[in-house]
Amino acid sequence: MKENIYRPLGISDELFEKSERILTELAGRFQQLDELREKNQLRILQAFLHAGVTQGSLVGTTGYGYDDLGRDALESIFAELFESEAALVRHQFSSGTQVLTCCLRGLLRPGDELLIATGEVYDSLQGTLGRADEPEDLGSLRDFGISIRQLDLDSEGKLKTAEVLQALNAKTKLLYFQKSRGYSSRRTLLNAEIGELCHLAKARKPELLVMVDNCYGELTEEHEPTFYGADIAAGSLIKNLGAGIADSGAYVCGTEAAVKKVACQMSSPGLAGEIGPGLGQLRNLFRGLYFAPQVTNTALKSALHAAALFAAEGYKVTPDSEQLRGDIVQLIELGSREKLCAFCEEIQSASPVDARFTPVPAPMPGYDCDIIMASGSFVQGSSIELSCDGPLRPPYRAYLQGGLSFAQSRLAQLRAAERLRSMESA
């Protein structure tokens, strides 16, 4: 029997052996993930070679950032990885919400309609759309006369293709997909599913634009949404493609025309993507992208282990350990405020940074209830590093994601399982 090297860290032999059995059962899935990692690593390496990255590319510019050859090389690598015409990659974007807002403002005009095919967007993006309870003129899409319609997924979490096609009308400018689940229990979409509806919608309305919020989904499949016909895919670099190395930033990949419109919102119509200094951040952006396949692989393996472990402990998990995955997020339904808080506390306790602090529920901008968040990360808010969060509302779901180190992720999960067991027996 394998030695329980987690025992000094508070993990019982019984739970460790359970985890060992789970790892044996997951060996086939882990092998599939390793094959995906290798394919993606070679694609990124090839893109680096095509871009001709040099030591000079890693330095960056100051001021306006004109003629930043490193920035141009980085954006060409992203475009090749996404099999798209163009890319905009900037550390000046500080969140996924910011870059998604920039995309929406760039692609939509007064009188246009935004059709959302995936139900409620992230809570933090609601302000961009325009909340009914926020009458202030803060620059939401509704403030600019853009109408918004939303179609939910069906009971199985699939796109309502017929309804979406029927909903297209003369005003519909942009069809929007949120790939990941947000704070819901619905399944994460796969890129091929999005692509199928994308092609059908464009066949019906060729001038239609398609945008995908790709946060948490990068490198979890062989191809990104732009391969399947999306005009724009965007996401944060403190998630998968930053590998825990990028200090900030976000990307936009897609058609040249669509990316230019977003770039004009980032700067101005006269400047587009021609400005934006590297300010010493390019090295970390290059390095983060290079390590992204390896780190995303670790995050996916961590999610699989969590799904199998907590399902075996009697909790509802989504997705389960056998389902195909389109992102790194693992949902675990805990059923009570106390268990959700305890779960997050144990994740925090196994973090390399801020482990001595206890996460507590608190208000967060853009959300309608208190949020508890465990994130002992090197980069504040980094979701590719092991983190866990959840809204303090029934059924008290934990959203676990990331993991730079599988050993850390495993320890944190085992600590959480031990804590939940003790609460059950109390």
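Quick summary incoming for the structure in this document.

Scoring rules and cut-offs
- Residues numbered from 1 in each chain as written.
- Predicted model: local features only at pLDDT ≥ 70, side-chain atom pairs only at ≥ 80, totals over all residues.
- Heavy atoms only, no water.
- Core = buried A, V, L, I, M, F, W, Y, C linked by side-chain atoms within 4.5 Å.
- Buried < 20%, exposed > 50% of the residue type's maximum accessible area, 1.4 Å probe, protein only.
- Helix = DSSP H or I, 4+ residues; strand = E, 2+ residues; numbered from the N terminus.
- Contact = heavy atoms within 4.5 Å.
- Polar contact = N/O pair within 3.5 Å; in protein donor to acceptor, adjacent residues only side chain to side chain.
- Salt bridge = Lys/Arg side-chain N within 4 Å of Asp/Glu carboxyl O.
- Pairing = 2+ DSSP bridges.
- Axes fitted to C-alpha atoms, helices over the stretch in contact; angles between N-to-C directions.

### Notes on the nonpolar core
Working step 1: Ranked by internal contacts, the top residues of the largest apolar core, which has 54 residues, are F310 and F343.
Working step 2: Counting residues per element, the ones that place at least two in this core are α1 (13–25), α2 (27–51), α9 (282–312), β9 (330–333), α10 (337–349), β10 (371–374), β12 (397–401) and α11 (406–425).
Working step 3: Tallying contributions element by element places α9 first for this core, with 9 residues.
Working step 4: In this view, F343 contacts F310, I332, L334, C388, A398, L400, A416 and L420; residues no more than four positions away in its chain are not counted.
Working step 5: Listed in part, the 32 residues of the second largest apolar core include C103, L107, V121 and C264.

### Considerations on the side chain of T188
Working step 1: Relative to the elements of secondary structure, T188 occurs in the loop between β4 (172–178) and α7 (191–204).
Working step 2: A relative accessible area of 9% places T188 in the buried class.
Working step 3: Polar contacts involving the side chain of T188 include one to the side chain of D327, which spans 2.8 Å.
Working step 4: Apart from residues lying up to four places away in sequence, T188 is in contact with K179, S180, R181, G326 and D327.

### Section: the pattern of salt bridges
Working step 1: A full pass over the atoms with the stated rule returns 23 salt bridges.
Working step 2: R419 serves as the salt-bridge partner of E346, at 2.7 Å between the closest nitrogen and oxygen. Of this pair, E346 sits in helix α10 while R419 sits in helix α11, placing them 73 residues apart in sequence.
Working step 3: Assessed through its relative accessible area of 15%, E346 is described here as buried.
Working step 4: The exposure class of R419 is partly exposed, given its relative accessible area of 27%.
Working step 5: Taken together, the shared-partner salt bridges in this structure form one network comprising E14, K18, E313 and R421.

### A look at the side chain of D231
Working step 1: Summarising the element assignment, D231 is placed in the loop between β5 (209–213) and β6 (232–236).
Working step 2: Taking relative accessible area as the criterion, D231 reaches 9% and is therefore assigned buried.
Working step 3: In this structure, D231 is in contact with K202, L208, L209, V210, C253, G254, T255 and A258, ignoring residues within four places of it in sequence.

### Things to note about the sheet that holds strand β7 (residues 250–254)
Working step 1: As summarised here, the arrangement of the 7 strands in space is β1-β7-β6-β5-β4-β2-β3, forming an open sheet in which the pairing is mixed. Of all strands in the sheet, those with a lone pairing partner are β1 (86–90) and β3 (147–150), marking the two edges. The mean inter-strand angle of the sheet, taken between neighbouring strand axes irrespective of direction, is 20 degrees.
Working step 2: Where β5 meets β6, 3 bridges bridge the pair, whose relative direction is parallel. Counted as the bridge partner of V212 is A233 from β6.
Working step 3: In the packing of helix α4 (residues 96–107) onto the sheet, the strands contacted are β2 (113–116), β4, β5, β6 and β7, and the crossing angle to β6 comes to about 155 degrees.
Working step 4: Strand contacts of helix α8 (residues 256–266): β1, β6 and β7, with the helix running at about 25 degrees to β1, the strand carrying the most contacts.

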